[in-house]
Amino acid sequence: MTAAVFFGCAFIAFGPAFSLFIFTIAKDPLRVIILIAGAFFWLVSLLLSSLVWFIATKATNAQDLTLQKNLLIFGSIFSVILQEVFRFAYYRLLRKANEGLAAISEEDGPPLSVREMAYVAGLGFGIMSGAFSMINTLSDSLGPGTVGMFGDSQYYFITSALMTLALTMLHTFWGVVFFEGCERKRWWVIAVVLCVHLMVFSLSLLNPFYVASILPVYAIMLLMAVWAFFSSGGSLHNITLLWTCRKSNAETSS
Amino acid sequence: MLFVPVTLCMVVVVATIKSVSFYTEKNGQQLIYTPFTEDTDTVGERLLNSVLNTIIMISVIVVMTIFLVVLYKYRCYKFIHGWLILSSLMMLFWFSFMYLGEVFKTYNLAMDYPTVAMIIWNFGVVGMICIHWKGPLQLQQAYLIAISALMALVFIKYLPEWSAWVILGAISVYDLVAVLCPKGPLRMLVETAQERNEPIFPALIYSSAMIWMVGMANPARHAEPTNQDTGTFCLISAYNPLALTMLRGVKLGLGDFIFYSVLVGKAAATGGDWNTTLACFVAILIGLCLTLLLLAIFKKALPALPISITFGLVFYFSTDNLVRPFMDNLAAHQFYI
């Protein structure tokens with residue numbers, strides 16, 4: 001509960017997302033708008049699922065703790081499903097908007113490719129999800145207190161930060177893969193993304209047994225990263241070009 | 001492009017609210033425009049008082065706006081300029097002196113009067129020059145943001161709880177009416193300015209408690225091809241929530257900044273939950289996006305308050321009551337959705 005914990009956890013949780021924002025999104029106003037709209041869509045999905053959870057808790061006995069915990073799990077599963085539904089809705093909106101923008105813009109073709117939009121939308125979802133999970137915890141870490149006073153884990157802050165980072169990156173990768181799947185009309189991709197999201201949520205149910213939750217989540221994140229890389233047009237050829245610093249003949253958009 | 005100044009203003013207000021406790025302390029003092037107290041016995045009375053406060057405040061605003069339009073129509077420019085200069089003097093010197101004092105008190109910094117006099121004098125004079133005469137664009141923008149933030153803080157401190165929310169709602173409605181109705185004062189203002197071919201809103205003001213600043217960027221800048229990033233960010237009339245496009249720039253009234261910041265500031269002040277503040281922030285930015293989109297479609301002066309404030313209010317109340325317990329429970333168990 002010191003400034004060190006605060007800054008450390010803040011940088012772990014938000015560092016990569018913040019750098020991605022600064023280096024790839026901040027300069028282009030259109031991308032900023034898509035990012036914020038993505039955050040908004042995630043927020044609306046959270047709002048609707050909280051409404052459902054709230055009604056469920058108010059309709060039942062508040063003293064029954066196991067029931068409340070189960071309701072929480074149910075609410076979260078509903079939230080995960082709703083997030084993916086809203087991701088799809090955002091995809092549809094962006095496609096329509098892109099066509100509209102292409103029609104009125106002076107340059108040939110749409111101003112943003114679907115892949116760029118996928119990345120930005122995924123990052124928007126991720127940033128908002130991470131912020132909502134972590135900000136209150138971070139703010140508490142600045143104040144006085146004892147971590148794990150009642151036998152809870154000592155590592156609450158750092159594991160929260162690590163999970164938040166994983167979720168942010170996962171949302172970005174899911175965005176890329178999801179939009180690509182929708183573009184290619186591969187509907188099984190949507191089902192897989194939904195299942196992986198539910199799997200990640202289920203793994204987080206194992207907290208505070210952190211070895212069983214954080215390690216698999218990071219493994220899934222790496223797998224998703226590889227999938228997203230290949231799905232957005234990357235290849236081993238690109239990587240060798242990157243490492244040997246050679247320019248390719250054809251410009252590939254990423 | 002408008003995101004940066006709006007975000008900056010909101011960040012300044014939220015940072016101040018969270019650190020300087022002066023602006024959240026209620027000591028029973030209220031503005032004369034909200035005379036009814038909210039320290040009542042029943043909920044019904046409190047609601048009634050807040051509605052009455054709102055009615056008074058909005059009437060004052062309506063009267064002042066009409067007065068302003070009348071002055072403008074009859075070309076009483078000197079009066080308007082004088083009023084404007086007096087208001088900006090008050091903001092730049094008195095309110096910033098108070099703000100500085102409270103910041104020093106919060107951080108327990110010792111300071112002597114001559115130093116403070118020097119600081120405030122410099123700050124104020126440079127501000128007056130930048131806003132009313134000429135100055136580097138970014139400095140002018142910074143001063144206008146600072147003034148909007150100061151004004152928002154004053155509102156957050158002196159408006160009673162429920163009255164503030166009702167006023168926010170009522171003012172969006174008024175804005176909608178004033179800008180879009182054919183006989184609305186703000187619409188008449190825009191049309192008169194356009195007829196006379198004058199730079200839009202040359203320093204209009206609304207001054208009730210001598211606030212609301214207005215300023216205009218150097219008109220010559222509009223003709224230069226400006227970088228998309230800096231944009232022709234020109235702040236116009238205080239309480240007027242107008243959004244106008246000019247070349248590559250978009251203008252937003254200072255009143256919009258103020259009310260957006262009041263909403264986010266109140267979200268930060270009550271409850272202490274950062275999720276609510278963040279949700280209101282995102283909602284307001286999305287409202288602003290939608291307003292700009294409508295602007296691009298309709299190409300005429302539009303009110304910038306209604307959509308953002310509506311989203312902001314909806315998200316404030318729903319996040320505070322629905323999302324907050326949900327996220328708190330999830331964080332307690334460390335579930336990540």
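What counts and how
Residues numbered from 1 in each chain as written. Chains lettered and ligands numbered in written order. Predicted model: local features only at pLDDT ≥ 70, side-chain atom pairs only at ≥ 80, totals over all residues. Heavy atoms only, no water. Helix = DSSP H or I, 4+ residues; strand = E, 2+ residues; numbered from the N terminus. Rg over C-alpha atoms; globule rule 2.2 N^0.38 Å. Buried < 20%, exposed > 50% of the residue type's maximum accessible area, 1.4 Å probe, protein only. Contact = heavy atoms within 4.5 Å. Areas by Shrake-Rupley, 256 points an atom, 1.4 Å probe, with all protein chains shown as cover. Lys, Arg positive; Asp, Glu negative; His and termini not counted. Charge placed at Lys NZ, Arg CZ, Asp CG, Glu CD. Polar contact = N/O pair within 3.5 Å; in protein donor to acceptor, adjacent residues only side chain to side chain. Salt bridge = Lys/Arg side-chain N within 4 Å of Asp/Glu carboxyl O. Buried area = accessible area lost by both parts, 1.4 Å probe. Axes fitted to C-alpha atoms, helices over the stretch in contact; angles between N-to-C directions. Parallel < 35°, antiparallel > 145°, perpendicular 65-115°, else oblique. Left-handed = near helix turned anticlockwise from the far one by under 90°. Nonpolar A, V, L, I, M, F, W, Y, C, P; charged D, E, K, R; others polar. Core = buried A, V, L, I, M, F, W, Y, C linked by side-chain atoms within 4.5 Å. UniProt positions renumbered as here; feature names shortened; annotations may be inferred. Patch = residues over 30% accessible without salt bridge, like charges linked within 9 Å, V, L, I, M, F, W, Y side chains within 5 Å. Phe/Tyr/Trp six-rings, centres within 6.5 Å; stacked < 30°, edge-to-face > 60°. Lys NZ or Arg CZ within 6 Å of the ring centre and 35° of its normal. pLDDT = per-residue confidence, 0-100.

The subject of this paragraph is the overall build of chain A. Tallying secondary structure elements over chain A gives eight helices and zero strands in all. Listing each helix as α and each strand as β along chain A from the N terminus yields α-α-α-α-α-α-α-α. Taken over the C-alpha trace, chain A has a radius of gyration of 20 Å; the compact-globule value for 254 residues is 18 Å, and the two agree within 12%. Along the first, second and third principal axes, the C-alpha atoms of chain A reach 60 × 45 × 30 Å. In chain A, buried positions account for 46% of the 254 residues. A fraction of 76% describes how many contacts in chain A between residues 6 or more apart in sequence connect residues 24 or more apart. Accessible surface, chain A: about 13000 Å² in total, of which carbon and sulfur atoms supply 71%. For chain A, the distance from the average site of its 14 positive side-chain charges to the average site of its 13 negative ones is 6 Å.

Another point: the side chain of Asn207(A). Mapped onto the elements, Asn207(A) comes out in the loop between α6 (187–204) and α7 (210–231). Of note is the side chain of Asn207(A), whose polar atom sits 2.7 Å from the backbone oxygen of Gln334(B). Apart from residues lying up to four places away in sequence, Asn207(A) is in contact with Ser213(A), His333(B), Gln334(B) and Tyr336(B).

Scanning all chains against the criterion turns up ten salt bridges over all chains. For Glu84(A), the salt bridge goes to Arg87(A), with nearest N and O atoms at 3.1 Å. One end of the pair is Glu84(A) and the other is Arg87(A), both in helix α3 (residues 65–104) and three residues apart, which spans about a single turn. Of the residues examined, Arg87(A) reaches a relative accessible area of 2% and is grouped as buried. A salt bridge links Glu38(B) to Arg46(B), with the shortest nitrogen-to-oxygen separation between them at 3.2 Å. One network of salt bridges, in which partners are shared, links Asp28(A), Arg31(A) and Glu116(A).

On to the interface of chain A and chain B. Of the residues lining the interface, 44 residues belong to chain A; the matching set on chain B comes to 31 residues. For the pairing of chain A and chain B, the buried interface totals around 3400 Å² over both sides, and the portion due to carbon and sulfur atoms is 75%. Taken together, the connections running from chain A to chain B amount to zero salt bridges. Our count for the chain A to chain B interface comes out at eleven residue pairs in polar contact (both at pLDDT 80 or more).

The next point concerns the packing of helix α2 (residues 43–73) of chain B against helix α3 (residues 77–107) of chain B. Residue and element names in this part refer to chain B. Remark: α2 packs on α3, axes separated minimally by 8 Å, with the N-to-C direction vectors making an angle of 135°. Comparing the axis directions of α2 and α3 gives the class oblique. Every pair of crossing elements has a handedness; the one defined by α2 and α3 is left-handed. Where α2 abuts α3, its residues Met-64, Phe-67, Leu-68, Leu-71 and Tyr-72 lie against Tyr-77, Phe-79, Ile-80 and Trp-83. Of the residues belonging to the contact of α2 with α3, the class tally is nine nonpolar, no polar and no charged.

With that settled, the discussion passes to the nonpolar core. Among the nonpolar cores identified, the biggest contains 160 residues, and Tyr90(A), Phe132(A), Phe155(B), Tyr260(B) and Val282(B) are the most heavily contacted of them. If you look at the next biggest cluster of nonpolar residues, it comprises eight residues, including Phe6(A), Cys9(A), Ala10(A) and Met134(A).

Bringing the environment of Asn238(A) into the picture now. Residue and element names in this part refer to chain A. Mapped onto the secondary structure, Asn-238 falls in helix α8 (residues 236–243). Among the residues examined, Asn-238 registers a relative accessible area of 24% and is labelled partly exposed. For the pair Asn-238 and Leu-170, spaced 68 residues apart in sequence, the C-alpha separation works out to 22 Å.

UniProt feature "signal peptide" (unreviewed entry): in the numbering of this structure it lies at residues 1–16 of chain B. Secondary structure over residues 1–16 of chain B splits into 88% helix and 0% strand, and the C-alpha atoms at its two ends are 24 Å apart.

Residue and element names in this part refer to chain A. Under the feature "transmembrane region" (unreviewed entry), the UniProt entry names residues 6–25, 32–56, 71–90, 117–135, 155–179, 186–203 and 209–230. Secondary structure content for residues 186–203 is 94% helix and 0% strand, while the C-alpha to C-alpha distance between its ends is 27 Å. Annotation note: span residues 209–230, helix share 95%, strand share 0%, distance between end C-alpha atoms 33 Å.

All names here are of chain B. A surface patch of nonpolar side chains, about 460 Å² in accessible area, is lined by Leu-290, Leu-293, Leu-294, Ile-297 and Phe-298. Counting through the fold element by element, Leu-294 comes out in helix α10 (residues 274–298). Leu-294 gets classed as partly exposed once you look at its relative accessible area, which sits at 32%.

Although it is not a glycine, Asn108(B) sits at a positive phi angle of roughly 55°. Examined against the element boundaries, Asn108(B) turns out to sit in the loop between α3 and α4 (113–132).

Moving on, we get to the side chain of Thr137(A). Mapped onto the secondary structure, Thr137(A) falls in helix α4 (residues 114–142). Other than its neighbours up to four places away in sequence, Thr137(A) contacts Tyr156(A), Phe157(A) and Ser160(A).

It is worth spelling out the packing of aromatic side chains at this point. Pairs of aromatic rings are described using the distance from one ring centre to the other and the angle between the two planes. Taken as a whole and judged by the stated rule, the model has 30 aromatic pairs over all chains. Considering the side-chain rings of Tyr156(A) and Phe157(A), the 5.7 Å spacing of their centres and the 75° angle between planes classify their relative orientation as edge-to-face. Relative accessible area serves as the criterion here: at 11%, Phe157(A) is assigned to the buried category. Ring plane angle 85° and centroid distance 6.2 Å describe the contact between Phe201(A) and Phe335(B), whose orientation is recorded as edge-to-face. Taken together, the positions of Phe201(A) in helix α6 and Phe335(B) in the segment after α11 (305–333) put the pair across two chains. Note on accessibility: Phe201(A) and Phe335(B) belong to one class, buried. Among the aromatic residues, ring-to-ring pairing joins Phe88(A), Tyr91(A), Phe178(A), Phe179(A) and Trp187(A) into one connected group. Between the NZ or CZ atom of Arg87(A) and the centre of the ring of Phe178(A), over which it lies, the distance is 6.0 Å. One residue, Lys18(B), lies across the ring of Trp274(B), its end atom 4.7 Å from the ring centre.

Interpretation of this model should avoid reading the predicted coordinates in detail wherever pLDDT is low. Across chain A, the average pLDDT comes to 89, with 94% of residues at or above 70. Within chain A, the lowest mean pLDDT, 84, falls on α8(A), and the highest, 95, falls on helix α5 (residues 156–183) of chain A.

On to the confidence of the model for chain B. Residue and element names in this part refer to chain B. Averaged over all residues, the pLDDT of chain B equals 81, while 84% of them reach at least 70. Confidence, read as mean pLDDT per element, is least for helix α8 (residues 220–223) in chain B (30) and greatest for α11 (94). Every residue in residues 200–248 is under pLDDT 50, and counting partners more than four places away or in other chains gives 180 contacts. With a pTM of 0.87, the predicted complex shows an ipTM of 0.91.

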